[in-house]
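Descriptive analysis of the structure
Now for the letters of each chain:
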Amino acid sequence: MAEGISDERRSLWDSVRPYLEKESLAAFFLGVSSGFPFALLASTLTTRLAQDGIEKSTVTAFTLAFFVYNLKPLWAWIIDGVRLPVLGVLGQRVSWMLLIGVLVVAAVFNLALADPKADIYWTATSAVLLGLAGASFDIVIDAYRIETLKPYQLGVGSGMSQYGWRIGAAAAGAVALVVAERIGWSAAYMACAVFALPAMLTVIVLGEPTRHQVTAEKRSMGEVWQSIAGPFSEFFRRNGAWLVLAFILVHKIGDTLANLTFRLLFNDLGFTNDEIALYDVGVGFWALIVGVFVGGILYAKLGLKRSVLIALILMAVSNLSFALLAAAGHSNLGMAGAIGFENFASGYGGVVVVAYFSALCDLRFTAAQYALISAGASIVGRFLTGTTAGALIETYGYVDFYLLTTVIALPGIAIFWWMMRTGLVDAAMGTAGEVGEGDARDDPEI
């Protein structure tokens, strides 16, 4: 019996230990800094503009600041291939992290000092500038995370990054509201600038990533062009690259369409704000936390391919649960079940799919390639949601709409299943997913 208890404790420790490794903890702190600029541009800025009496049509126009995040592949190559003077002695990733961190703080202060009532155009410009700084921060943060994590840590590291992102976004939003209520919005935004520090301190403590591959300094126009085209041409020379790109573009369309319409469904079903807060925010948050944790464990136990396939199936079925809720009507139990399942699937899927996308990167072009992948994964779903979701709901109703989003998720599952069967998942893998010397666990069975 004593031996059984010892084995159980060792198994529990083996499951928890990856979350306590320095690389995983670094991913968490990087995630905190990644999440806060997005939060300041989302609900926080919307609340600020609404409280200043800005028209709704003007407030919605500020969503253009988010579009900057989808354009980051256009300048990600600079962070990969341009060596900074003076700061460059600290290393490519460290120097860019510190520089962009300072620019993020400056952009936050700039938006803090803007007055929407006095000059709405400068406020909009300031929001776009923060979007540019935040997107650039994401580029170097993602590159640093991928190059710091060993292949076996990609799942847990992606989960820790998601934990950090959620906590950073929620904490920044909460700090902004509390400070704004007592001192004002300018002070509120300035206070949130402190959330840039976790990433900057992380790179100072850990230094340059051990897996970062230094590229030659670009001097001629031809070398500069190679910096721009190289990451893309390298990716598309891989066997199955075009199929991988198709998967990236379509795998999340159904999930995105569904996720951005939940609040409309809850309102039309007659749920109160208290019920939405309890189930959507409360139950959903803890379900997501559990999903992220389970995702990290199953990624390590099942491997990349099987864990990703399970994630795609779970995300499709989660859309079906909202069709059932729409058919059932106002049901607190139904809402708790649908929200809980969707957030669990989202947390689990976010870990393993992000880990897969990270593994696709070539370590010579980490920043540029991950920027391209992450932008491609969201751009189609966001575009279709903005142009068709409302009309589809009005035409077919919620039940058929969520059934449609479930069907739309099936091509992503089919493509990935085919890639597994034909070996294209492995054939298209980047060097970030390859195990090299010093990348494996110390355990003999790994």
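Residues numbered from 1 in each chain as written. Predicted model: local features only at pLDDT ≥ 70, side-chain atom pairs only at ≥ 80, totals over all residues. Heavy atoms only, no water.

So, on to the overall build of the chain. When you go through the chain residue by residue, the secondary structure sums to 20 helices and zero strands. Split into buried and exposed, the 446 residues of the chain put 53% on the buried side. Restricting the contact set of the chain to residue pairs at least 6 apart, pairs at least 24 apart contribute 83%. Here the chain has roughly 20100 Å² of accessible surface; of this, 67% comes from carbon and sulfur atoms. (Helix = DSSP H or I, 4+ residues; strand = E, 2+ residues; numbered from the N terminus. Buried < 20%, exposed > 50% of the residue type's maximum accessible area, 1.4 Å probe, protein only. Contact = heavy atoms within 4.5 Å. Areas by Shrake-Rupley, 256 points an atom, 1.4 Å probe, with all protein chains shown as cover.)

The next subject is the pattern of salt bridges. The final tally for this structure, using the stated rule, is seven salt bridges. Residues Arg 93 and Glu 147 are paired through a salt bridge, measuring 2.9 Å at the closest nitrogen-oxygen approach. Separated by 54 residues along the polypeptide, Arg 93 in helix H7 (residues 92-113) and Glu 147 in helix H8 (residues 120-148) bring together distant segments of the chain. Glu 147 matches Arg 93 in its accessibility class, with the two residues each being buried. (Salt bridge = Lys/Arg side-chain N within 4 Å of Asp/Glu carboxyl O.)

The next subject is the packing of aromatic side chains. Two descriptors summarise a pair of aromatic rings, namely the distance from one centre to the other and the angle between the planes of the rings. Per the counting criterion, the structure on display carries 17 aromatic pairs. Considering the side-chain rings of Trp 185 and Tyr 189, the 6.4 Å spacing of their centres and the 55 degrees angle between planes classify their relative orientation as tilted. Placement of both Trp 185 and Tyr 189 in helix H10 (residues 185-192) is noted, with a separation of four residues, approximately one turn of the helix. You can call Trp 185 buried: its relative accessible area is 11%. Note on Tyr 189: relative accessible area 0%, which makes it buried. Residues Tyr 398 and Tyr 402 carry aromatic rings whose centres are separated by 6.3 Å and whose planes lie at 15 degrees to one another, so their mutual orientation is stacked. Within this pair, Tyr 398 and its partner Tyr 402 are both found in helix H19 (residues 366-422), separated by four residues, close to a single helical turn. (Phe/Tyr/Trp six-rings, centres within 6.5 Å; stacked < 30°, edge-to-face > 60°.)

It is at 9 Å that the axes of helix H2 (residues 22-41) and H8 come closest, and there the two elements cross at 165 degrees. On the basis of the axis angle, H2 is roughly antiparallel to H8. Our pair here, H2 against H8, has a crossing hand that is left-handed. Listed contacts from H8 to Glu 23, Ala 27, Leu 30, Ser 33, Ser 34, Pro 37, Leu 40 and Leu 41 of H2 are Ala 127, Leu 130, Gly 131, Gly 134, Phe 137, Asp 138, Ile 141, Tyr 144, Arg 145 and Thr 148. Its residues assigned to classes, the contact of H2 with H8 shows 10 nonpolar, five polar and three charged. (Axes fitted to C-alpha atoms, helices over the stretch in contact; angles between N-to-C directions. Parallel < 35°, antiparallel > 145°, perpendicular 65-115°, else oblique. Left-handed = near helix turned anticlockwise from the far one by under 90°. Nonpolar A, V, L, I, M, F, W, Y, C, P; charged D, E, K, R; others polar.)

Applying the stated rule across the entire model yields one cavity of 30 Å³ or more. In this structure, the largest cavity spans a volume of roughly 60 Å³. For the largest cavity, the full set of lining residues is His 251, Asp 255, Leu 312, Met 315, Ala 316, Asn 319, Ala 409 and Ile 413. Ranked by residues supplied to the lining of the largest cavity, first place goes to helix H17 (residues 304-328) with four residues. Here the residues of the lining of the largest cavity are counted per class, giving five nonpolar, two polar and one charged. (1 Å grid on protein atoms, 1.4 Å probe; cavity = no way out; pocket = protein on both sides within 12 Å on 5 of 7 lines; lining within 4 Å. Points joined across faces, edges and corners; volume = space filled by probe spheres on them.)

Its place among the elements puts Ala 258 in helix H14 (residues 253-259). With a relative accessible area of 0%, Ala 258 lands in the buried category. Through-space distance from the C-alpha of Ala 258 to that of Asn 319 is 6.5 Å; in sequence the pair is 61 residues apart. With sequence-adjacent residues up to four places away left out, Ala 258 is seen in contact with Asn 319, Phe 401, Tyr 402 and Thr 405.

In this section: the side chain of Ser 161. Within the secondary structure, Ser 161 sits in helix H9 (residues 154-182). Look at Ser 161 and you get buried, because its relative accessible area is 15%. In contact with Ser 161, other than residues within four places in its own chain, are Ala 27, Phe 28, Gly 31 and Arg 145.

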